[in-house]
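Examining the three-dimensional arrangement
Spelled out from the first residue to the last, the chains are:
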Amino acid sequence: MKNVYLDNNATTRVAPEVVEAMLPYFSDFYGNPSSMHSFGGNLGLKVREARARIAALLGAQPEEILLTSGGTESDATAIHAALAAYPHKRHIVTTRVEHPAIKNLFEQYGKNGYRVTFIPVDCEGRIDLDEFRASLSEDTAVVSMMWANNETGVLFPVDEVAAELKARGIVFHTDAVQAVGKIPIDLTRTDVDLLSLSGHKLHGPKGIGALYIRKGTKFKPFMVGGHQEHGRRAGTENVPGIIGLGKACELAAGKLNDIDTRVRGLRDRLENALLEAVPQSMINGERANRLPNTTSIAFEYVEGEAILLMMNEHGIAASSGSACTSGSLEPSHVLRAMGIPFTAAHGSIRFSLSHYTTAEEIEFVIEKMPPIIARLRQMSPFWQKAAQSG
Ligand code: PLP
C-alpha cells in the first residue's frame, strides 16, 4: 500500500492545478506588482483575480480580503486591529480550545495588562453560550472564537455569537483556518467582522493566507512599511502564493459537496469500524456538530506517540493532538479543556481526511489499526492493571 495521508488538518497536498497556476509567477512573471514597468504590469490584474476568487469562496467582496502570510498572521492582525481601534477597552474574550495562534496571543495580551476570559467547553468540546454571554461587558473590545477546532473538528456557534456581538457593538473575529474549504461559508449571512484563513489547509501553498475584514470594520495595520494592500499590510506581495491561494479557493468551492457526502461517509466508516474493533476506544466530541473530515479517537491506555510510530511503519500519517504541539508529551490543551481523562487523552489520534482520500485507503487503516493498539496494550502496564481490576 502506498502512503496514506490522514493528517490534512496539519497541512494538505498542494493541488496539481494550484502548482500549475503558480509556476509562471516564479519563472516568467517575476516582477514586483508595485513596479511601473511591464514585468510587473499584468500582475496587478492577476492579484485582483485571485482576490476575487478568495472572496467568492466566503461570500465576501474582493476589497474585504487582506492577503497575509497565513493563519497565524491573520489572527494576530485581526486582534491587533480590534484592540488598536478601541484602545480604551481592556477586556478580551476567547475559548479554552483555540489554536496556539490565538491562545498564546491572548495569553501575551493578558501579560500586557488586558483582562482575558477563556470560555470553557463541555466534555464534547462545546461552549456554553450563557457563560459566554455573561462574560461580556462594556469593556470587551473583541471576541475571538474559532469556527472549527483543529483537533476534534468541533464546530462553534459562529452565527449565533456573531449576531449577539453585533447587537452589543463588540468586534468578532473567527479563526476559520480549519473551516474554509471544508464547509460552506457565506459571510452575507453571518455578522462576523474578521475571519482568518490559511492557504496550506485547503490544498494551496504554505506561507499565504487571508484576513477577511468586513466593510466598515475599524482597521489599523499590524505591519507597517510600504503601501501594499492599500496601506493595510506592508511587504512585497507573495505573487505566486496569492495566485495559488486564489486557485485553491476556486477549486475548494467545487469540492464542498464531495467533502460533505463522500468524505463524511469515509470518516464515519473509519470511526464506526475502529470503535467496533478496538475495545475501550471513543470519539472525542462525538455528540458535537463536527467538520466532516475530522475525527479524534481516544484509544485508552496507550501512548499516542507510540501509535503514530507504528502507524508510520505502515505508511499511515495522522497526528496525536495538534501537530503544532506534538513536540511535547503533555495531553493537548484542547482535550484537557474537554476533561478527557488522562488515560484517554494520551492515546488520542486525530485522523483528518481530504477529498483526495479514497475508500481503499480507509479500509487499509481499518485493517492496520486494531493490531497496533492490541500490541501496544500488551506492553502497557496501565492496560494490564486496568484489565486486572476488571
Ligand atoms: N488556526 C488554526 C485553527 C489552525 O489549525 C492553524 C494551523 O494549524 C493556524 C491557525 C495557523 O495557521 P498557519 O499555519 O497558516 O499560520
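Conventions used here
Residues numbered from 1 in each chain as written. Predicted model: local features only at pLDDT ≥ 70, side-chain atom pairs only at ≥ 80, totals over all residues. Heavy atoms only, no water. Phe/Tyr/Trp six-rings, centres within 6.5 Å; stacked < 30°, edge-to-face > 60°. Buried < 20%, exposed > 50% of the residue type's maximum accessible area, 1.4 Å probe, protein only. Lys NZ or Arg CZ within 6 Å of the ring centre and 35° of its normal. Helix = DSSP H or I, 4+ residues; strand = E, 2+ residues; numbered from the N terminus. Near = heavy atom within 4 Å. Polar contact = N/O pair within 3.5 Å; in protein donor to acceptor, adjacent residues only side chain to side chain. Areas by Shrake-Rupley, 256 points an atom, 1.4 Å probe, with all protein chains shown as cover. Nonpolar A, V, L, I, M, F, W, Y, C, P; charged D, E, K, R; others polar. Pairing = 2+ DSSP bridges. Axes fitted to C-alpha atoms, helices over the stretch in contact; angles between N-to-C directions. Domains from an automatic or database assignment. Contact = heavy atoms within 4.5 Å. Buried area = accessible area lost by both parts, 1.4 Å probe. Salt bridge = Lys/Arg side-chain N within 4 Å of Asp/Glu carboxyl O.

1. Let's talk about the packing of aromatic side chains
- Going through the model one piece at a time under the given rule, you end up with three aromatic pairs.
- Residues Tyr 25 and Phe 29 carry aromatic rings whose centres are separated by 5.5 Å and whose planes lie at 45° to one another, so their mutual orientation is tilted.
- When its relative accessible area of 41% is taken as the criterion, Phe 29 is described as partly exposed.
- Here the basic side chain of Lys 89 rests over the ring of Tyr 86, its NZ or CZ set 5.3 Å away from the ring centre.
- Geometry around Tyr 114 places Arg 90 over its ring, the cationic atom sitting 4.1 Å from the centre.

2. Some remarks on the environment of Gly 207
- The residue Gly 207 is located in the loop between β7 (194-198) and β8 (209-213) in this model.
- For Gly 207, a relative accessible area of 41% gives the class partly exposed.

3. Brief notes about the site of the ligand
- Taken together, 13 residues lie near the ligand, and Thr 72, Asp 175, Gln 178, Ser 198 and Lys 201 sit nearest.
- One of the side-chain N or O atoms of His 99 is found 3.2 Å from an oxygen atom in the ligand.
- In the environment of the ligand, a nitrogen atom lies 2.6 Å from a nitrogen or oxygen atom belonging to the side chain of Asp 175.
- Expressed as a share of its isolated accessible area of 390 Å², the protein-covered part of the ligand is 88%.
- At three residues, the largest contribution of residues to the shell around the ligand is made by helix α5 (residues 71-85).
- Here the shell around the ligand is composed, by residue class, of two nonpolar, eight polar and three charged.

4. Brief notes about the pairing of strand β6 (residues 171-175)
- Among the five residues that make up β6, five are buried, leaving the element largely enclosed by the rest of the structure.
- The pairing of strand β5 (residues 140-144) with β6 spans three bridges and is classified as parallel. Pairing of Val 142 across the sheet is with Val 171, part of β6.
- Bridge analysis of β6 against β7 gives three bridges, and the strand direction is parallel. Its bridge partner being in β7, His 173 is matched across the sheet by Leu 194.

5. Examining the sheet that holds strand β4 (residues 115-119)
- Here seven strands make up an open sheet; going across it, the order is β2-β8-β7-β6-β5-β3-β4 and the pairing mixed. The open sheet terminates on both sides in strands that have one partner only, identified here as β2 (65-68) and β4. If you compare each strand with its neighbour and ignore which way they point, the axes differ by 20° on average.
- Of the pairings in the sheet, the one linking strand β3 (residues 91-95) to β5 comprises three bridges and is parallel in character. Bridged to Val 93 within β5 is Val 143.

6. Brief notes about the domain arrangement of the chain
- Domain annotation of the chain identifies domain 1 (4-10 + 256-389) and domain 2 (16-252).
- Taken together, the contacts link 32 residues of domain 1 with 32 residues of domain 2.
- Overall, the association of domain 1 and domain 2 removes approximately 2600 Å² of surface from exposure, summing both partners, and the carbon and sulfur fraction of that is 58%.
- Across the domain 1-domain 2 interface, the total number found is one salt bridge.
- Counting across the domain 1 and domain 2 interface gives 13 residue pairs in polar contact (both at pLDDT 80 or more).

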